[in-house]
Amino acid sequence: MTDSKYFTTTKKGEIFELKAELNSDKKEKKKEAVKKVIASMTVGKDVSALFPDVVNCMQTDNLELKKLVYLYLMNYAKSQPDMAIMAVNTFVKDCEDPNPLIRALAVRTMGCIRVDKITEYLCEPLRKCLKDEDPYVRKTAAVCVAKLHDINAQLVEDQGFLDTLKDLISDSNPMVVANAVAALSEIAESHPSSNLLDLNPQSINKLLTALNECTEWGQIFILDCLADYAPKDDREAQSICERVTPRLSHANSAVVLSAVKVLMKFMEMLSKDLDYYSTLLKKLAPPLVTLLSAEPELQYVALRNINLIVQKRPEILKHEMKVFFVKYNDPIYVKLEKLDIMIRLASQANIAQVLAELKEYATEVDVDFVRKAVRAIGRCAIKVEQSAERCVSTLLDLIQTKVSYVVQEAVVVIKDIFRKYPNKYESVIATLCENLDSLDEPEARAAMTWIVGEYAERIDNADELLEGFLEGFHDESTQVQLQLLTAIVKLFLKKPTETQGLVQQVLSLATQDSDNPDLRDRGYIYWRLLSTDPVAAKEVVLAEKPLISEETDLIEPTLLDELICYIGTLASVYHKPPSAFVEGGRGVVLKSLPPRTASSESTESPETTPAGVPTGEQPDAIPAQGDLLGDLLNLDLGPPASGPPLPASSVQMAAVDLLGGGLDSLIGGPNFAAPPAAAAPANVGAAMGSGLSDLFDLTSGVGTLSGSYVAPKAVWLPAMKAKGLEISGTFTRQVGSISMDLQLTNKALQVMTDFAIQFNRNSFGLAPAAPLQIHAPLSPNQTVEISLPLSTVGSVMKMEPLNNLQVAVKNNIDVFYFSTLYPLHILFVEDGKMDRQMFLATWKDIPSENEAQFQIRDCPLSADAASGRLQSSNIFTVARRNVEGQDMLYQSLKLTNGIWVLAELRVQPGNPSFTLSLKCRAPEVSRHVYQAYETILKN
């Protein structure tokens, strides 16, 4: 008869009947009753009332009954801690039972009962089991120490169990060694600084000996432990590699990946000239290839790891291209991953083979896969120069198929090929123009617009093509609008006489009819350039562009090195460090590859300094953010210094005759007539008076922006928590306006639309001052940046902490929630400077218990520099005096809700520590104001 009978009873008074059966003298009846109790517990009935009766059944020699009682005990001990103490005597007795299975069962159950009251009673039985003669009991006890450490770490340390665990690493039984390593690794994760696994050559030798004989999961624990060891030299690294290599032929894929991780780490220390190095490279390829014959889920994990390995050492798999060719029955996620690796391995030797495959893939039925295949052809053209011509002809063949999505992807990649090989393949432009009408995706339309603008002089009807785009300007996505604006300005600079009306039309649409700040700013800049200095406009807009790089999607080298240390874990599948997805940061230790030995230093190492550049003076590819901002704010946008002052009326005139007078030098003569009044944008005078003159401050020199400190963007909502939507952001305050600067990235495989944002009530009433406006759908892998204006007139509710902001973002997929902390200095208003007399009176009036004192360390600024920096963030110095060589700054600031904060900042010349005293009628604000001071002074 089956055990299903235990689940069928529905009698009344069931508990009472079970109680009677549990106290029966007959062993069989007792066992049946316990089985019924476990069955009830399994289906969710509360049978905790039977606790004392079940515990009485522990006194038995029957192993099956004992297991059932222990199972019950584990489940209910937490809810009945006082009763659980009754079982302690039985545990102690069972730990001395002649049967090793019962001893191990007792110690395992002890570890699972998470009740503080009884842990101290279990120390003695555990100590005996750790030194038990039977290895099965010892290995179970080793894991029990890790469980006990999780409940009461101090107790485990005081009882000396950690030292006993370390001794077990030298045990004669490999399974005991593996469990001891697993337990110590688990404990070390929660105490990263403890250095519990103090590995040395002797202990490593013992681990390597045990490696050959323990179970597969034991091998994984030992290999992961080896991966954290730092060999003292390349000879020791080679010795370890030789002994780990046999694990590559193991049947379990987890063992293989753990072995690959160890070898990849220690290869860093081997010289590339060694024969063993090249032998090891050859040995690494077959096991990785074998992993690709497993089921799809395992294949995917293997491919994600291989992707990292290929980026670090492409030579390992350079001859194995064929195994990455896609099979007809591969799931889409495997296909896309294989495609990525194929491009990484593409070289001059195998490009013909790769291109033939990719062309075949481009005729498949799966749209996502076809798109990726067409993009892959473009990436091959950019990566392998010798294949570029063949790739372009393949793309042209695909365009002839007239399949909409194929044509659109081909246009996007041909734009990149033009960027990589200028003036080489422009003969294909005619074919592209023929397919203009079939383009309906923003990225393809933007690419085509760029091509028309860039090569306008080669396209006879370029103005007609761009005019066609302009008809539905407001319906286009932002990226198309921006490209269209630039393309028409390029066209105008190349063919000024024919396209004057077109450029006026687009500038009017971009500056007056658009709500998008990016588009408006770009429109105003072009307008200003064209109207004041057409030669400069030509130099700026038609400047020679840098060639695009070969691999734009490679993982950044330091992150790649860290991910190599996590091969075979979730981090290697996500391609993100554990700190990005492990909440709370427990157990996340930053790992890195060992430094290369001098003999193995690669000549093409990215760390080496280029010839001719002295160390420490490497040229900056991009100027620092501060320099860029300084250059922008120092632009001489006013009238020329040598000429007479520009009267206001001439500013108006320049606006009306925007493209009339200033372009003689561009088109070679003074005969260029001003456009008729109707052709000029409507209400241009007003636009110049209110928009342009405000933007550039034409009559009074450059306007100054409030230089409040802006923190770099941080990830607020990771993609994995929001179904592929990643949100990064920061807060800014400029000229009295608060903004939330957002960056939205679509990491999903579907388009995102219908965005909206809402804030929960918060301490200072922050709320969006306008809807979240994303004009175009957010395509996969697309990023958009938005500045959301904020007001401080929303609903108020005190939050914990005070500057906590809870946000909800909605799109067509779902609603997502996140919270972030905003820096308090965005709430410091511009009229926060208090009169001296008022400052003195207010300081005395605020009770002394409201005063808080803080230390700001490591801040090597002078009093003047500190005062200037704070003033840019609306913290105003009211008075200043020098007392016994100390500079005392008396400062005031005002929050948006009217709360005043008074401060005394003591600066001792030569001492990098400042003392800050704050007084405020709302003292809970003080700590956040101090944090704002620290942020502003240190950045």
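Each value, and the rule that gives it
- Residues numbered from 1 in each chain as written.
- Predicted model: local features only at pLDDT ≥ 70, side-chain atom pairs only at ≥ 80, totals over all residues.
- Heavy atoms only, no water.
- Pairing = 2+ DSSP bridges.
- Helix = DSSP H or I, 4+ residues; strand = E, 2+ residues; numbered from the N terminus.
- Buried < 20%, exposed > 50% of the residue type's maximum accessible area, 1.4 Å probe, protein only.
- Contact = heavy atoms within 4.5 Å.
- Salt bridge = Lys/Arg side-chain N within 4 Å of Asp/Glu carboxyl O.
- Axes fitted to C-alpha atoms, helices over the stretch in contact; angles between N-to-C directions.
- Parallel < 35°, antiparallel > 145°, perpendicular 65-115°, else oblique.
- Left-handed = near helix turned anticlockwise from the far one by under 90°.
- Core = buried A, V, L, I, M, F, W, Y, C linked by side-chain atoms within 4.5 Å.
- Expected span 1.5 Å × (residues − 1).
- Polar contact = N/O pair within 3.5 Å; in protein donor to acceptor, adjacent residues only side chain to side chain.
- Phe/Tyr/Trp six-rings, centres within 6.5 Å; stacked < 30°, edge-to-face > 60°.

## Details of the sheet that holds strand β3 (residues 737–746)
Spatially, the 5 strands line up as an open sheet ordered β1-β2-β3-β6-β5, and their pairing is antiparallel. Two strands in the sheet have a free side with no partner beyond their single neighbour: β1 (714–717) and β5 (767–768). Looking at chain direction, β5 and strand β6 (residues 783–791) are connected through 2 bridges and run antiparallel. Its bridge partner lying in β6, A767 is registered against S791.

## Remarks on the environment of A77
Looking at the element boundaries, A77 is found in the loop between α4 (63–76) and α5 (81–84). In this structure A77 comes out as buried when scored by relative accessible area, which is 1%. Sequence separation between A77 and C112 is 35 residues; the distance between their C-alpha atoms is 9.5 Å. In contact with A77, other than residues within four places in its own chain, are F51, A84, I113 and V115.

## Overview of the pattern of salt bridges
Any two side chains of opposite charge can pair if their charged atoms end up close together. Summed over all chains, the structure comprises 33 salt bridges. Among the salt bridges present, the one from K232 reaches E236, with a minimum N-O distance of 3.8 Å. Owing to a relative accessible area of 11%, E236 belongs among the buried residues under this scheme. The partner of R880 in a salt bridge is D864, with the nearest N and O atoms 2.4 Å apart. Pair noted here: R880 is in strand β10 (residues 876–883) and D864 is in helix α39 (residues 863–871), with a separation of 16 residues, a long-range link.

## So, the packing of helix α14 (residues 201–211) against helix α16 (residues 234–244)
One can describe the packing of α14 onto α16 by two numbers: an axis separation of 10 Å at closest approach and a directional angle of 15°. Taken together, α14 and α16 sit at an angle that is classed as roughly parallel. For α14 against α16, the interelement crossing comes out left-handed. Here α14 contributes P201, I204, N205, L208, T209 and L211 to the contact with α16, which in turn contributes E236, I240, R243 and V244.

## Structural notes on the nonpolar core
Here is a general trend for soluble globular proteins: nonpolar side chains tend to be buried in one another's company. Y72, F91, L126, V244 and F418 are the most contacted members of the largest nonpolar core, which totals 211 residues. For V244, the residues in contact, after removing those within four places along its chain, are L208, L211, L223, L226, A259, V262 and L263. Core analysis: the second largest hydrophobic core is formed by 64 residues, W716, M752, I774 and L918 among them.

## Points about the pairing of β3
The side chains of a regular strand alternate, first on one face of the sheet and then on the other. By the criterion of burial, β3 is predominantly enclosed, with 8 of the 10 residues buried. For strand β2 (residues 725–734) and β3, the ladder comprises 10 bridges, and the chain directions are antiparallel. Counterpart to R733 in the pairing with β3 is I738. Here β2 hands over to β3 after 2 residues, with V735 in that stretch at a positive phi of 45°. Across 8 bridges, the pairing between β3 and β6 is antiparallel. Opposite M740, over in β6, you have L788 as the bridge partner.

## Points about helix α17 (residues 253–267)
Along an α-helix, residues three or four positions apart point the same way, because every turn accommodates 3.6 residues. Taking 1.5 Å of rise per residue, the 15 residues of α17 would be expected to cover 21 Å, and the 21 Å separating its terminal C-alpha atoms lies within 8% of that figure. With 14 of 15 residues buried, α17 is to be regarded as a mostly interior element. Two to three positions downstream of the cap, the backbone nitrogen of A254 sits 2.7 Å from a side-chain oxygen, assigning the N-cap of α17 to N252.

## Description of unusual backbone geometry
Along the chain, E800 connects to P801 via a cis peptide bond; the corresponding omega equals -5°. Within the element layout of this structure, P801 appears in the loop between β6 and β7 (804–810). Positive phi values are uncommon outside glycine, yet D754 reaches one of about 55°. The topology assignment puts D754 in the loop between β3 and β4 (756–759). Judged by relative accessible area, which is 53%, D754 ranks as exposed.

## A word on the packing of aromatic side chains
All chains considered together, the criterion is met by 13 aromatic pairs. Each ring, one from W716 and one from F731, has its centre 5.2 Å from the other, and the planes form 35°; the classification is tilted. Taken together, the residues span a long stretch of sequence, with W716 in strand β1 and F731 in strand β2 at a distance of 15 residues. The pair formed by W716 and F731 is uniform in burial state, with each residue classed as buried.

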